[in-house]
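What follows is each chain in one-letter form.
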Amino acid sequence: DCPRHTMNQLEGLRQHTIIVADTGDVAQMAKFHPQEATTNPSLVYAAAKLPQYRQLVQEAIDWGKRKCSTPGKEQMDWVLDRLIVLFGHEILKVVPGRVSTELDPTLSFDTEASVDRARRLIALYQDLGISKDRVLIKIAATWEGIRAIEILEREGIHCNCTLIFSTAQAVAAAEARATLISPFVGRILDWYKKSRKVDAIPAAEDPGVVSVKEIYNYFRKYGHRTIVMGASFRTKEEILELAGCDNLTIAPALLDALMSSTAPVERKLSPEGARAMDIPERPLTTESAFRWELNENPMATDLLSDGIRRFAADLRALRGFVEPMLQ
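Now for a look at the structure at hand. (Residues numbered from 1 in each chain as written. Predicted model: local features only at pLDDT ≥ 70, side-chain atom pairs only at ≥ 80, totals over all residues. Heavy atoms only, no water.)

1. Structural notes on the pattern of salt bridges
Scanning the model with the defined rule gives 23 salt bridges in all. In this structure, R98 engages E36 in a salt bridge whose closest nitrogen and oxygen atoms are separated by 3.5 Å. Separated by 62 residues along the polypeptide, R98 in the loop between α5 (73–92) and β3 (99–102) and E36 in strand β2 (residues 36–38) bring together distant segments of the chain. Take R98 and E36: they sit in the same class, and that class is buried. (Salt bridge = Lys/Arg side-chain N within 4 Å of Asp/Glu carboxyl O. Helix = DSSP H or I, 4+ residues; strand = E, 2+ residues; numbered from the N terminus. Buried < 20%, exposed > 50% of the residue type's maximum accessible area, 1.4 Å probe, protein only.)

Take a look at the structure:
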């Protein structure tokens, strides 16, 4: 008789949820066999500094100089866009599904510029032979960002609405027909731990976990087709509390932790469970209602602003890293 394989928690989670790797490091992905991957300026910056990706950086610089021969912001923007797309291209060699590529966070309050830049990123992917169906453009869940998503989705450019910390943002993104949203878990937990002056909150009561469950259940109750992808995890327990969520994007250290445990995984979320719930339907989101509800939520207001600032700082760091090589 063959010995029975004991399922690890990553395999157990895979029975209910699509696993996405939250990293820009291709070598890490090959180890975990994720279905998809997410990147952001922080992850691309971390990967770009690794010696094994030096040739990608050089390739982006050479290409950017050919595209725009005059040194300055325009040349740098082309180099960075090309670099981000080259990382996405490498990732798509090892994941069968899609890669999420972040839009320049400094465009978070400019609908028109966001749409233009997203089209440009998709064109760069197409230059490398990658179909737009394999790319999600990540755009922050500001009112202007959500309007950009609405335009792009109508053109068949798929979007990942990111930095979601509230149901108001999530529902507005679903109404705009976003392909996918990324509600953040760990950053919400961090905010509440600091606010309540506590060291820990049990996973089942974790406000970040509760927020994603609320969003998932609302979407499934009212037939929104937008995929819910929990993001930004601090612990394995947070992840297991969301078993059954459509997608979960998980950093390599936590993927490792799941792989090294064989404890059973219990499904916590399901469309059937959501449909049976008594959840009041929200009126269609207007701009004034969106801004008011976000303003009434100090956690979501703080974390959306902070998230955009952090991604912008990491993009500046990536610029600073590439700049000396452009000389």
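2. Describing the side chain of K138
Along the chain, the position of K138 falls in strand β4 (residues 135–140). Within the structure, the side chain of K138 is placed 3.2 Å from the backbone oxygen of T39, a separation counted as a polar contact. Among all residues touching K138, those that are not within four sequence positions of it are T39, N40, S100, T101, E102, L103, N160 and T162. (Polar contact = N/O pair within 3.5 Å; in protein donor to acceptor, adjacent residues only side chain to side chain. Contact = heavy atoms within 4.5 Å.)

3. So, empty space enclosed by the protein
Taken as a whole and assessed by the stated rule, the structure comprises two cavities of 30 Å³ or more. Space inside the largest cavity adds up to approximately 80 Å³. Elements with a contribution of two residues or more to the lining of the largest cavity: α5, α6 (111–127) and α15 (298–326). The element contributing the most residues to the lining of the largest cavity is α5, with four residues. By residue class, the composition of the lining of the largest cavity is six nonpolar, no polar and six charged. Considering only enclosed or pocket space, the second largest cavity measures out at about 60 Å³ in volume. As for the second largest cavity, its lining consists of E102, L103, D104, P105, L107, S108, S114, K138, I139 and A140. Looking at the lining of the second largest cavity element by element, the count peaks at three residues for β4. The residue inventory of the lining of the second largest cavity, partitioned by class, reads five nonpolar, two polar and three charged. (1 Å grid on protein atoms, 1.4 Å probe; cavity = no way out; pocket = protein on both sides within 12 Å on 5 of 7 lines; lining within 4 Å. Points joined across faces, edges and corners; volume = space filled by probe spheres on them. Nonpolar A, V, L, I, M, F, W, Y, C, P; charged D, E, K, R; others polar.)

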